[in-house]
Amino acid sequence: LNVQIWGTGGMSHQLQGPRAGLINKAFDNAFLDRLIADPADLAAMPHIDYVREAGSEGIELVMWLIARGAMDDAPPRVRHRFYHVPASNTAVGHLILENPT
C-alpha cells in the first residue's frame, strides 16, 4: 500500500490592508527547515505568530503542518524542495518528504 499525504496552501502572503504584498522569504525558508526537522516546535507556535510573520493568508501554512503531523516523528527524507516568489503576491513552495522507514 502506498499512501500520499498532501498539505496545500500558500506560503507567506497578504492580499489586503496596509501589509498587502508582504512576502517573508526568511520566515518561509525557516518554516520549511522546521517542518522537516522540528514540526513539534511549529505546532507550539501560536497562530497569531504565523499571521505576524507570514501575513494574514500565511496562516495557510498550518495545513502543511497538519500533513507533516500524519508522518513519522523521525526526520523524513527530503525528496524535493523548492521555493520561489513569482510575479504574483504569493510565495510558492513545494516539499516532497518521505518517511525514513
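Described below are features of the structure shown in this document. As the structure is a prediction and not an experimental result, all values here were calculated from the model.

1. A closer look at the side chain of Q14
- Of note, Q14 is situated in the segment before helix 1 (25-37).
- A polar side-chain atom of Q14 sits 3.4 Å from a polar atom in the side chain of R19.
- A distance of 2.9 Å separates the side chain of Q14 from the backbone nitrogen of S56, its partner in a polar contact.
- When residues no more than four places from it in sequence are discounted, the contact partners of Q14 are R19, A20, G21, L22, G55, S56 and E57.

2. Concerning the pairing of strand 2 (residues 92-98)
- A one-sided burial pattern is seen for strand 2, the buried positions being G93, L95 and L97 and the unburied ones V92, H94, I96 and E98.
- Across seven bridges, strand 1 (residues 77-84) lies against strand 2 in antiparallel orientation. Of the residues in strand 2, the one forming a bridge with R81 is L95.

3. Some words on the pattern of salt bridges
- Per the counting criterion, the structure on display carries five salt bridges.
- With a closest N to O distance of 2.6 Å, E98 and R77 form a salt bridge. Residue E98 is located in strand 2, and its partner R77 is located in strand 1; the two are separated by 21 residues in the primary sequence.
- Notably, a salt bridge pairs R79 with E98, separated by 2.5 Å at the nearest N-O pair. Of this pair, R79 sits in strand 1 while E98 sits in strand 2; the two residues are 19 residues apart in sequence, bridging distant segments of the chain.
- If you follow the salt bridges from partner to partner, you end up with R77, R79 and E98 in one network.

Conventions we followed
Residues numbered from 1 in each chain as written. Predicted model: local features only at pLDDT ≥ 70, side-chain atom pairs only at ≥ 80, totals over all residues. Heavy atoms only, no water. Helix = DSSP H or I, 4+ residues; strand = E, 2+ residues; numbered from the N terminus. Polar contact = N/O pair within 3.5 Å; in protein donor to acceptor, adjacent residues only side chain to side chain. Contact = heavy atoms within 4.5 Å. Buried < 20%, exposed > 50% of the residue type's maximum accessible area, 1.4 Å probe, protein only. Pairing = 2+ DSSP bridges. Salt bridge = Lys/Arg side-chain N within 4 Å of Asp/Glu carboxyl O.

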